[in-house]
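Residue strings, one per chain:
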Amino acid sequence: MSLDIIVCVKQVMDPETPPSGFKIDQETKQVVQTTGSSPVLNGFDENAVEAALRIKDITPATITIVSVGKDFVMDVVKKPLAMGADNLVLLSDTHFETLDSFATATVLAAGIRKLGEPDLILCGRQASDWDNAQVPLGLAEFLGLTCVTVAQKVDTDGTSLTIEQVSSDGYQEIMTTLPALVTVSNEIGVPRYPTLRGIMAAGRKEPVIYSAADLNIDPESLSPKVVVTDLYVPESNHEVEIISGEDDADAGRKLALRMREEGLI
Amino acid sequence: MTDILVVGDTTNGKLGSATAELIRAAGNLVGDVGVGLAGSRLQEAVREASSMGAQTIYTMESHKLDDPSVYTKVTAFSQLCQQLEPRVILVSKNSHGLDFGPRLAFSLGAGLAQDCIRIGEDDDTGRVVATRPVYGGSAMATVTFSGDGPQVVVLREKSYEPASQDSLESGNLVQVEVNLGSSGDQVKSVRQVGSVAKGVRLEDAEFVVAGGRGLGGAEPFATLEELANLLGGAVGASRAACDAGWVNHNYQVGLTGRTISPNVYLTVGISGASQHMAGCSGSRNIIAINKDREANIFKEARFGVVGDWNAILPSFLETVRELV
Ligand SMILES: Cc1cc2nc3c(=O)[nH]c(=O)nc-3n(C[C@H](O)[C@H](O)[C@H](O)COP(=O)(O)OP(=O)(O)OC[C@H]3O[C@@H](n4cnc5c(N)ncnc54)[C@H](O)[C@@H]3O)c2cc1C
Ligand SMILES: Nc1ncnc2c1ncn2[C@@H]1O[C@H](COP(=O)(O)O)[C@@H](O)[C@H]1O
């Protein structure tokens, strides 16, 4: 018996991009990268891929990567394959370009239903573009699955699932049964690097691509419930008072004195 | 008739401050405000919500809702919302994290505006208009709703002052029956593993000193601890420092860490990435020690020292010791 694991991943703008590295297209109310840097796989989704691979390290499993969007960069969405995942399914359509969370979850649910009934779905805790942390909960609702969020560890024996869920002062150990959906957080640890062999194999692998029509999705049903009316980079005209001294040590002393003067210590 | 339903929370029978913030925020919208409360000992919270100006307080009494799992709480509030059909549902991004709001919204088939910091209403459409940081705080978005159906808005904690208890306690009390069935039974909490919190909680501290990647290792955090002890404060960290394993993850301040608003937030070797600032921009005085004058943290700080913490911190600590 082999476990069927699906990992949902999203291609996002590199979150390290400084405000000078992107501009806002007022027409579409979207952020557009201006510097040469390319998009990346959402960091938490790499954590989710890692969680899936750790299960596969000790249990027979097939890992299928699923992503919804348009204009995929192959090197980005193939990274999980290079890390060791088995299949890549792209849900790609012009209608999938600017979906809200509700619609994204709708498309993902349709795509996953088409693929069969997975034992486990893993997602990132949130996408670093809009930090919504919404799609997995919608997906779980639509597929009728239990959803446990923000995991730092996911173990399974094939029927039950043990999860360490991050809490503000530690973690909670949770048990549930398969099938289920779990969102994964960075506390799980650094995702493994793709191996050279993995990269070669990923390069040769063709993704399976489904359009809205393939999924029997009426584009009308994807109209947003939440719309963006404005998007802007907040202005900051804040002035810092730099404290300097003869040398660093002196500056440290002066900082303490200045803070004392202001009643801050 | 409740137009705006506030999802209330209680701790030890008292109304949570997050709920008081939501009641304040509800004042920016047009319509009657109701507060939903779940649990078994709600008298005190009912009185508080009423004195904060809520027109109606809905109680869902059940022992199963004392310290509920998110699953049972969603089931209860989902049923309440189906009965009341409020136009707007306000939820705080508090201890249930980003989790409760989306679960509730999807159970109702409703749209949701996540992690908002300001809300108002469009006079023409009568729909909620909300402001929220996106791209980790690098950009700001204004969002509104379309279509019919309830509008669920999740507010970031500490975005509004808590409502004060200065109204006549004239709110109506309505007891609501909810059927919890077996909700939550599919998920068993086996144990809670917490680190023993030393000293002041990060969220409660008026002085927080935090270290980042620039500290280069776990050892310098001992100096930060010493400083925090001296000033009765707490120690925080950037995600980079946590990911490196120098301190536990529960030290993390930021978008996906803890949200703090101390009087003084002193950062050492932290660049001030927008995702970090998301958790500390409510601090009244940000002070930065960083060797890079161009670091973003200096755009947000009141005082800064540009230089190497290895030299700055010891003399700073020594001077503080003399002063306090
Ligand atoms: C979705 C998402 C969520 C995130 N959530 C969070 C979060 O909750 N909290 C968080 O903190 N981060 C978060 N991050 C990560 C964030 O983007 C940054 O990567 C992180 O905050 C950087 O940490 P840092 O400032 O310690 O490290 P760096 O950015 O590497 O900065 C180190 C700083 O130390 C300075 N320095 C180095 N040596 C010295 C020295 N000897 N003396 C003085 N200064 C020195 C450098 O000049 C530099 O400015 C998140 C990222 C994403 C994508
Ligand atoms: N377009 C998408 N395609 C595939 N998975 C997605 C997509 N958007 C979101 N997800 C998944 O849902 C998680 C949370 O995203 P969000 O709700 O947008 O913050 C991500 O980390 C992904 O695992």
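Given the structure is predicted, the values throughout are model-derived calculations rather than measurements.

This part is about the nonpolar core. Most often, soluble globular proteins have nonpolar side chains that are buried together. Among the nonpolar cores identified, the biggest contains 64 residues, and Ile5, Val7 and Leu122 of chain A together with Met60 and Leu104 of chain B are the most heavily contacted of them. Top element by residues in this core is helix α3 (residues 70–84) of chain B. It accounts for 7 residues. Setting aside chain neighbours within four positions, we find Ile5 of chain A in contact with Ala52, Ile55, Ala61, Thr62, Ile63, Thr64, Leu120 and Leu122 of chain A. In terms of nonpolar packing, the next biggest core, distinct from the first, is built from 43 residues, Ala20, Ile23, Ile119 and Ala141 of chain B among them.

By the assigned domains, chain A splits into domain 1 (3–222) and domain 2 (241–265). The C-alpha-based centres of domain 1 of chain A and domain 2 of chain A are spaced at 47 Å.

To continue, consider the site of ligand 2. Residue and element names in this part refer to chain A. In the vicinity of ligand 2 lie 19 residues, with Cys8, Asp45, Ala127, Ala133 and Gln134 positioned nearest. Here an oxygen atom of ligand 2 sits 2.7 Å away from a polar atom, N or O, in the main chain of Ala127. Between Ala133 and ligand 2, the recorded distance is 2.7 Å, taken from a backbone N or O atom to an oxygen atom. For ligand 2, whose accessible area on its own is 480 Å², the fraction buried by protein is 98%. Listing elements by their share of the shell around ligand 2, those giving two or more residues are β6 (61–69), α4 (101–115), β8 (120–124) and α5 (135–143).

Residue and element names in this part refer to chain B. Neighbouring residues of ligand 1: 29 residues in total, closest Arg213, Ser238, Ser271, His276 and Asn290. At 2.8 Å from an oxygen atom of ligand 1 is found a side-chain nitrogen or oxygen belonging to Gln275. Take His276: an N or O atom from its side chain is 2.8 Å from an oxygen atom of ligand 1. When residues of the shell around ligand 1 are traced back to their parent elements, those giving at least two are α6 (239–243) and α7 (274–277). In terms of residue class, the shell around ligand 1 is made up of 8 nonpolar, 14 polar and 7 charged.

Right, let's get into the domain arrangement of chain B. Residues and elements named next belong to chain B. Domain annotation of chain B identifies domain 1 (4–175) and domain 2 (202–323). Counting residues at the interface gives 9 residues for domain 1, matched by 7 residues for domain 2. The junction of domain 1 with domain 2 conceals about 590 Å² of combined surface from both sides, 41% of it contributed by carbon and sulfur atoms. Three residues, Gly136, Arg156 and Lys158, lead the burial of domain 1 against domain 2; their summed loss comes to 69% of the area buried on that side. Our enumeration of links across domain 1 and domain 2 arrives at 0 salt bridges. At the junction of domain 1 and domain 2, the tally comes to 4 residue pairs in polar contact (both at pLDDT 80 or more). Its residues assigned to classes, the side of domain 1 that touches domain 2 shows 1 nonpolar, 3 polar and 5 charged.

What follows covers the state of the cysteines. In the structure shown here, the tally under the stated rule is 0 disulfides over all chains. Left unpaired, Cys147 of chain A is separated from the closest cysteine sulfur, that of Cys123 of chain A, by 7.5 Å. Given the relative accessible area of 3%, Cys147 of chain A is considered buried. Distance from the sulfur of Cys242 of chain B, which forms no disulfide, to the nearest cysteine sulfur (Cys280 of chain B) is 13 Å.

We now examine the sheet that holds strand β15 (residues 241–242) of chain A. Here 6 strands make up an open sheet; going across it, the order is β15(A)-β18(B)-β17(B)-β16(B)-β14(B)-β15(B) and the pairing parallel. At either margin of the open sheet sits one strand with a lone partner, and together these are β15 of chain A together with β15 (234–237) of chain B. Both strand β14 (residues 207–211) of chain B and β15 of chain B contribute to a ladder of 4 bridges, which runs parallel. If you follow Ala210 of chain B over to β15 of chain B, its bridge partner there is Gly236 of chain B. In the packing of helix α7 (residues 248–261) of chain A onto the sheet, the strands contacted are β15 of chain A together with β16 (264–268), β17 (285–290) and β18 (303–306) of chain B, and the crossing angle to β18 of chain B comes to about 175°. Along the sheet face, helix α5 (residues 220–230) of chain B touches β14, β15 and β16 of chain B and points at about 175° away from the line of β14 of chain B.

By the definition in use, this model includes 2 cavities of 30 Å³ or more. Counted as a void, the second largest cavity has a volume near 50 Å³. Met13, Asp14, Pro15, Thr17 and Ser128 of chain A together with Tyr135, Gly136, Ser138 and Gln275 of chain B together form the lining of the second largest cavity. When grouped by side-chain class, the residues that make up the lining of the second largest cavity number 3 nonpolar, 5 polar and 1 charged.

What counts, and where the lines are drawn
- Residues numbered from 1 in each chain as written.
- Chains lettered and ligands numbered in written order.
- Predicted model: local features only at pLDDT ≥ 70, side-chain atom pairs only at ≥ 80, totals over all residues.
- Heavy atoms only, no water.
- Core = buried A, V, L, I, M, F, W, Y, C linked by side-chain atoms within 4.5 Å.
- Buried < 20%, exposed > 50% of the residue type's maximum accessible area, 1.4 Å probe, protein only.
- Helix = DSSP H or I, 4+ residues; strand = E, 2+ residues; numbered from the N terminus.
- Contact = heavy atoms within 4.5 Å.
- Domains from an automatic or database assignment.
- Near = heavy atom within 4 Å.
- Polar contact = N/O pair within 3.5 Å; in protein donor to acceptor, adjacent residues only side chain to side chain.
- Areas by Shrake-Rupley, 256 points an atom, 1.4 Å probe, with all protein chains shown as cover.
- Nonpolar A, V, L, I, M, F, W, Y, C, P; charged D, E, K, R; others polar.
- Buried area = accessible area lost by both parts, 1.4 Å probe.
- Salt bridge = Lys/Arg side-chain N within 4 Å of Asp/Glu carboxyl O.
- Disulfide = S-S within 2.5 Å.
- Pairing = 2+ DSSP bridges.
- Axes fitted to C-alpha atoms, helices over the stretch in contact; angles between N-to-C directions.
- 1 Å grid on protein atoms, 1.4 Å probe; cavity = no way out; pocket = protein on both sides within 12 Å on 5 of 7 lines; lining within 4 Å.
- Points joined across faces, edges and corners; volume = space filled by probe spheres on them.

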